[in-house]
Amino acid sequence: MDAVIVKDLSYQYWPEGPQVLKNISFQAARGEMLVITGLSGCGKSTLCYCLSGIAGHRRDAVMQGQVLVNGKDVRGLRAASLALEAGMVFQDPDTQLFSPSVEDEIAFGPENLCLPPDEIRARVDQVLDLLDISSLIKANPYHLSGGEKHLVALAAVLALDPPVLILDEVMSRLDRHGVMRVTEVLQTLRNAGKTIIAVEHRLETVTFADRLMVMEKGALLRWGTTKNILADQEFLAAQHLLD
């Protein structure tokens, strides 16, 4: 069974508003990494919100079609259940960081699952080590750099161990070391069976992804293997996706 199935998805933020997403359909298999790209304003973040279930619970929004994550319709799941199915890291990490320390931020999710203290400690230490941010454990997230905030937000999501990860430009503020570290982590997670759907505009950082989706004006313009699409320089140039 595919981990993510999207069928004829269309979305408006209010009934008379413009269609931000238009009849999008695709699947993502378990253990697959799919990258979404396209120019600013094409609907990438809104698609992430729909996949994570956030958009489907927005008052006055009009969401047509279906989004299934692990066989479950995201509109039928409560927020706590959604977080265990699909974890999302937002483009702006300030919108999801709220604890006074990095340690507290990462521990918050497992604590709300009522896990034993020793398991919470193990999860916190594991993701700190995985992302190479143990030195930040006592830091206040609000005092970190943009790249460090993204890493902490990712760590907090990973501590919940969801089978599907939705990442909205998590590498956009990272330095070279951070990009290399996250690249290694994503490959490790994929190899462990995680399904990863990532928005990224710097395509040179995600050449290892299995498939690439190109969006334009809310629609799915093209998708296929990352290798084939990256090899089509004429297409990428026409879509202004080359640096």
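Everything that follows concerns the structure shown earlier in this document.
These remarks concern the structure in this document. Per chain, the residues get numbers from 1 upward, laid out in the order the sequence is written. Reporting in this predicted model follows two pLDDT cut-offs: at least 70 for local features of residues, and 80 or more for side-chain atom pairs to be given and counted; totals over whole chains, interfaces and linings ignore these cut-offs and use all residues. Remark: hydrogens and water are excluded; side-chain values derive from all non-hydrogen atoms of the structure.

### Considerations on the packing of helix 3 (residues 102–112) against helix 4 (residues 117–130)
Axis definition: a line fitted to C-alpha atoms, limited for helices to the stretch in contact. Angles are taken between N-to-C directions and run from 0 to 180 degrees. What counts as a helix is a DSSP run of H or I of at least four residues, what counts as a strand is a run of E of at least two, and both are numbered from the N terminus. At a minimum axis distance of 9 Å, the contact between helix 3 and helix 4 shows a crossing angle of 130°. As far as their axial angle goes, helix 4 and helix 3 are oblique. Seen along the crossing, helix 3 lies across helix 4 with a hand that is right-handed. Mapping the contact onto sequence places V102, E103, I106, A107, P110 and E111 in helix 3 and I120, R121, R123, V124, V127 and L128 in helix 4. All amino acids are sorted into three groups, where Ala, Val, Leu, Ile, Met, Phe, Trp, Tyr, Cys and Pro are nonpolar, Asp, Glu, Lys and Arg are charged, and the leftover types, Gly among them, are polar. Counted by class, the contact of helix 3 with helix 4 contains eight nonpolar, no polar and four charged residues. Our angle categories are set so that under 35 degrees counts as roughly parallel, over 145 as roughly antiparallel, 65 to 115 as roughly perpendicular, and the remainder as oblique. Crossing handedness follows the turn of the near helix against the far one: under a right angle anticlockwise gives a left-handed crossing, and clockwise gives a right-handed one. Residue contacts follow a heavy-atom distance rule, with two residues in contact if any of their heavy atoms lie within 4.5 Å.

### Structural notes on the sheet that holds strand 5 (residues 72–73)
By the convention used here, strands pair only if DSSP detects at least 2 bridges between them. An order of 2-1-4-5 is seen for the four strands of this open sheet, with the pairing classed as antiparallel. Edge positions in the open sheet fall to strand 2 (21–28) and strand 5, since each of these has one partner strand only. The sheet contact formed by strand 1 (residues 4–12) and strand 2 spans five bridges and is antiparallel. Along strand 2, the bridge assignment pairs Y11 with L21. Against the sheet, helix 1 (residues 44–52) makes contact with strand 1, strand 2 and strand 4 (62–69), and its axis sits at roughly 120° relative to strand 1, the strand it touches most.

### As for a nonpolar patch on the surface
Side chains of F98, F108 and Y142 sit close together on the surface and give an oily, nonpolar patch of about 310 Å² of accessible area. Secondary-structure assignment places Y142 in the loop between helix 4 and helix 5 (146–158). Without a salt bridge and with relative accessible area above 30%, a residue can belong to a patch; like charges are then joined within 9 Å and nonpolar side chains (Val, Leu, Ile, Met, Phe, Trp, Tyr) within 5 Å. For every accessible area listed, the method is Shrake-Rupley and the probe measures 1.4 Å; residues are considered covered only by the protein chains on display. By definition here, a salt bridge exists when the distance from a side-chain nitrogen of Lys or Arg to a carboxyl oxygen of Asp or Glu is within 4 Å.

### A few points about helix 3
Structurally, the α-helix is built with 3.6 residues per turn, so residues lying three or four positions apart point the same way. When accessible area is computed with a 1.4 Å probe and restricted to protein chains, residues below 20% of their type maximum are described as buried, those above 50% as exposed, and intermediate ones as partly exposed. Those residues of helix 3 that fall on the buried side of the exposure criterion are V102, E103, E105, I106, A107, G109 and P110. Once helix 3 finishes, C114 follows within two positions and takes phi at roughly 60°, a positive value.

### Here we look at the pairing of strand 1
Counting buried residues in strand 1 gives seven out of nine residues, a clear majority hidden from the surface. Where strand 1 and strand 4 come together, seven bridges link them in antiparallel fashion. Opposite V6, over in strand 4, you have V67 as the bridge partner.

### So, the sheet that holds strand 3 (residues 33–37)
The strand order 6-7-8-3-9-10 describes an open sheet built from six strands, whose pairing is mixed. The open sheet terminates on both sides in strands that have one partner only, identified here as strand 6 (86–89) and strand 10 (219–225). Across the sheet, the axes of successive neighbouring strands diverge by a mean angle of 15°, strand direction being ignored. Set on the sheet, helix 5 makes contact with strand 6 and strand 7 (164–168); between it and strand 6 the angle comes to about 170°. Each of strand 3, strand 7 and strand 8 (195–199) is contacted by helix 6 (residues 176–191), which is oriented at about 145° to strand 8, the strand it contacts most.

### Some remarks on the pattern of salt bridges
In total, this model carries 14 salt bridges according to the counting rule given. In this structure, D92 engages R173 in a salt bridge whose closest nitrogen and oxygen atoms are separated by 3.9 Å. Here R173 lies in the loop between strand 7 and helix 6 and D92 lies in the loop between strand 6 and helix 3, a separation of 81 residues in the sequence. Assessed through its relative accessible area of 32%, D92 is described here as partly exposed. When the shortest N-O distance is used, the salt bridge between D161 and K194 registers 2.5 Å. With D161 in the loop between helix 5 and strand 7 and K194 in the loop between helix 6 and strand 8, the pair connects residues that are 33 residues apart, well separated along the chain.

### Focus: helix 6
End to end, helix 6 covers 23 Å across 16 residues, agreeing with the expected 22 Å (1.5 Å per residue, within 8%). All buried positions along helix 6 are accounted for by G178, V179, V182, T183, V185, L186, L189 and R190. On its buried side, helix 6 packs onto strand 3, helix 4, helix 5, strand 7 and strand 8. Whenever a nitrogen or oxygen atom comes within 3.5 Å of another N or O atom, the pair is scored as a polar contact, on the condition that within protein one atom can donate a hydrogen and the other can accept it, and that pairs from neighbouring residues in sequence are kept only if both atoms are in side chains. For helix 6, the capping residue at the N-terminal end is D175, with a side-chain oxygen 3.3 Å from the backbone nitrogen of H177. Here, expected helix span is obtained from the residue count minus one, scaled by 1.5 Å.

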